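Residue strings, one per chain:
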Amino acid sequence: CAGRTGAGLRRGGVGLPALPVGMNASSESPLYLAVVNGDVDAVREHGQQASGLRQSPLAHAADLGIASVVAVCLELGCSDAVPAPPAWPALHLAVFKGHADCLAILLGPRGGPAKATDPIDGLTPLHLAALKGHVQCTTMLLEHLAAPDLDAKDRVGRTPPTCAAIARSAPVTR
């Protein structure tokens with residue numbers, strides 16, 4: 001997760017993401033600030049509160065690549081329910097961004113199913129890893145899945161190997 005510890009980060013700091021759509025600086029919840037700052041103790045304290053995000057705290061942490069917060073969210077049993085499409089669950093976000101350390105945690109015993117399919121696009125995490133050319137994420141998913149479905153088709157009929165070819169990712173295609 002790119003070595004981000006979150007220590008000392010605050011809104012307006014270098015590298016912090018923009019606020020989610022519909023939020024402004026005055027509407028930031030304590031949980032939102034805890035997640036973006038990687039403040040594990042504050043996530044433990046506020047983890048069961050409504051976050052005001054259009055993503056679950058778990059998905060937001062996976063999107064930002066903060067593995068320590070992903071682990072705490074799973075430990076606390078934070079829901080990864082997608083509040084409203086087109087939001088993706090944590091596993092899809094971690095794979096899309098190439099956050100292999102977050103993916104490793106999400107594939108662990110407390111994580112969700114690795115074959116989850118996006119209801120809008122029909123993309124599985126394996127489709128996303130192939131499309132983005134994330135070799136490490138692709139390898140992890142293939143090793144984790146007992147029977148990876150290389151023939152699964154997304155909404156437009158692409159399989160994960162087709163996605164790898166589209167991305168011109170020779171290492172993923174192999």
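Computed from a predicted model, the values in this text were never measured in an experiment.

Participant: So what exactly am I meant to see when it comes to the packing of helix H5 (residues 90-97) against helix H7 (residues 125-132) here?
Facilitator: Packed helices, taken two at a time, are described by the angle their axes make and the gap between the axes. Two elements in contact, H5 and H7, have axes separated by 8 Å at closest approach and are oriented at 15°. Put simply, H5 runs roughly parallel to H7. In the crossing of H5 with H7, the sense of the turn from one axis to the other is right-handed. Where H5 approaches H7, its residues Leu91, His92, Val95 and Phe96 are matched on the opposing element by Pro125, Leu128, Ala129 and Lys132. Residues of the contact of H5 with H7, tallied by class, amount to 6 nonpolar, 1 polar and 1 charged.

Participant: I keep staring at the packing of aromatic side chains and nothing clicks. Help me out?
Facilitator: Two numbers describe a pair of aromatic rings. These are the distance of the centres and the angle of the planes. Within the structure shown, the criterion is met by 1 aromatic pair. Arranged with centres 5.3 Å apart and planes meeting at 65°, the rings of Trp88 and Phe96 form a pair that is edge-to-face. Overall, the relative accessible area of 16% leaves Trp88 in the buried class. The ring centre of Phe96 lies 4.5 Å from the NZ or CZ of Lys132, which sits over that ring.

Participant: Even after reading the chapter, I still don't get the packing of helix H3 (residues 57-64) against H5, so can you show me in this structure?
Facilitator: Running from N to C, H3 and H5 cross one another at 5°; their axes reach a closest spacing of 8 Å. The angle between H3 and H5 falls in the class roughly parallel. Packed against H3, whose contacting residues are Leu58, Ala59, Ala62 and Asp63, the element H5 presents Ala90, Leu93, Ala94 and Lys97 at the interface. A breakdown of the residues in the contact of H3 with H5 according to their chemical character gives 6 nonpolar, no polar and 2 charged.

Participant: What exactly am I supposed to notice about the environment of Val43 here?
Facilitator: For Val43, the location among the structural elements is in helix H2 (residues 40-46). On the accessibility criterion, Val43 (0% relative accessible area) is buried. A sequence separation of 13 residues divides Val43 from Pro30, and the C-alpha atoms of the two residues are 8.5 Å apart. If near-sequence neighbours (up to four positions away) are discounted, Val43 is found in contact with Leu31, Ala34, Val35, Val69, Val72, Cys73 and Leu76.

What counts, and at which threshold
- Residues numbered from 1 in each chain as written.
- Predicted model: local features only at pLDDT ≥ 70, side-chain atom pairs only at ≥ 80, totals over all residues.
- Heavy atoms only, no water.
- Axes fitted to C-alpha atoms, helices over the stretch in contact; angles between N-to-C directions.
- Helix = DSSP H or I, 4+ residues; strand = E, 2+ residues; numbered from the N terminus.
- Parallel < 35°, antiparallel > 145°, perpendicular 65-115°, else oblique.
- Left-handed = near helix turned anticlockwise from the far one by under 90°.
- Contact = heavy atoms within 4.5 Å.
- Nonpolar A, V, L, I, M, F, W, Y, C, P; charged D, E, K, R; others polar.
- Phe/Tyr/Trp six-rings, centres within 6.5 Å; stacked < 30°, edge-to-face > 60°.
- Buried < 20%, exposed > 50% of the residue type's maximum accessible area, 1.4 Å probe, protein only.
- Lys NZ or Arg CZ within 6 Å of the ring centre and 35° of its normal.

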